[in-house]
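Examining the three-dimensional arrangement
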Amino acid sequence: LQSNSEKLEVVPSSDGTGYWLLTHDFDAFYAFKIEATGIQPTPVISQIGGTQGNGAGHMKVNKQFTKIAIGLLTLGASSTTQIELFDFNNATGEVSNGTALNYPTVVYIYGIEFSPNGKVLYISDLEDLVQYDLTQPTPLAIQNSAYVVSTNFSRTLQVGIDDKIYINEQSIGAIQCPNELGAACGYQPSVLANQTGGG
């Protein structure tokens, strides 16, 4: 697979004996099975979702290994930005049931991360850090649950082994309680001393 996409994840397989190497190439997902004998050369291909206008940005799988989130930027006369959510089957490597959430401005959705319980999604657009409640009953309700956590030039997001989400911004920030909604998520800038974020 030849790709300029930054989207890459490794997900445990349901049988507990291997992994899936999951990537996205503009208009399809590719899942390569990793076993004791090596990486299987023929991927499971899921042709689903929109066509990426740019390969930049992250793709994340929740800690339950059931959901995928990516940002979608379409370029052209009617450029749009969306957040796409999918189901992932870690028994078969298949991606299905796509849902798109509209984003209010045409930007890159760069950083993405699920809360540890998989019920809250955080995204960064290289400036704002926004939270979504995935327990809402419809895509529109999820979209309308958007809560701006920070406007501190957020870049990449990564959940840590302590179940906090760390943010590469102009320093290293953290979401202390990412399973909680709104201000209760406990966003705190500059939690790591003498660290400088990229950007």
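Reading the values: the criteria
- Residues numbered from 1 in each chain as written.
- Predicted model: local features only at pLDDT ≥ 70, side-chain atom pairs only at ≥ 80, totals over all residues.
- Heavy atoms only, no water.
- Buried < 20%, exposed > 50% of the residue type's maximum accessible area, 1.4 Å probe, protein only.
- Helix = DSSP H or I, 4+ residues; strand = E, 2+ residues; numbered from the N terminus.
- Pairing = 2+ DSSP bridges.
- Salt bridge = Lys/Arg side-chain N within 4 Å of Asp/Glu carboxyl O.
- Axes fitted to C-alpha atoms, helices over the stretch in contact; angles between N-to-C directions.
- Contact = heavy atoms within 4.5 Å.

A separate point is the pairing of strand 15 (residues 165-168). Burial of strand 15 is one-sided: the residues Ile165 and Ile167 facing one way are buried, the residues Tyr166 and Asn168 facing the other way are not. Sheet topology note: the strand 14 (residues 157-159)/strand 15 ladder contains three bridges and is antiparallel. Bridged to Gln158 within strand 15 is Tyr166. Taking the residues between adjacent antiparallel strands as the criterion, strand 14 and strand 15 are bridged by five residues, where Asp163 takes a positive phi near 65°. Counting the residues in the hairpin turn of strand 15 and strand 16 (residues 172-175) gives three residues.

Right, let's get into the pattern of salt bridges. Applying the stated rule across the entire model yields five salt bridges. Ionic pairing is found between Glu113 and Lys60, a salt bridge with its closest N-O pair at 2.9 Å. Here Glu113 is found in strand 10 (residues 111-114), whereas its partner Lys60 is found in strand 6 (residues 59-61), with 53 residues between them in sequence. On the basis of relative accessibility, which here comes to 6%, the residue Lys60 falls in the buried class. A salt bridge links Lys63 to Asp163; the shortest N-O distance between them is 2.8 Å. One end of the pair, Lys63, is in the loop between strand 6 and strand 7 (67-74); the other, Asp163, is in the loop between strand 14 and strand 15, and 100 residues separate them in sequence. Its relative accessible area of 43% is what places Lys63 among the partly exposed residues.

This paragraph deals with the sheet that holds strand 6. Reading across from one edge, 6-7-8-9 is the order of the four strands in this open sheet, with antiparallel pairing throughout. In the strand order of this sheet, the two ends are held by strand 6 and strand 9 (95-102), each with one partner. Neighbour to neighbour, the strand axes of the sheet diverge by 25° on average, direction disregarded. Pairing of strand 8 (residues 80-88) with strand 9, which is carried by six bridges, proceeds in the antiparallel orientation. In the sheet register, Phe88 faces strand 9, and the bridge partner there is Val95.

Note that Phe86 resides in strand 8. On the basis of relative accessible area, Phe86 is assigned to the buried category, the value being 1%. Considering only alpha carbons, one finds Phe86 and Glu180, 94 residues apart in sequence, at a separation of 22 Å. Contacts of Phe86, omitting those with residues within four sequence positions, involve Phe29, Ile48, Gly49, Thr66, Lys67, Ile68, Ile70, Val95, Ser96, Asn97 and Gly98.

Here we take up the sheet that holds strand 12 (residues 129-133). Strand order in the open sheet formed by four strands is 10-11-12-13, with antiparallel pairing between adjacent strands. Where the open sheet ends on each side, the last strands, each with one partner, are strand 10 and strand 13 (147-150). Shown here is a sheet whose adjacent strand axes are inclined to one another by a mean of 25°, direction ignored. As judged from the three bridges shared by strand 12 and strand 13, these two strands associate in the antiparallel manner. Bridging from a neighbouring strand, Gln131 pairs with Tyr147 of strand 13.

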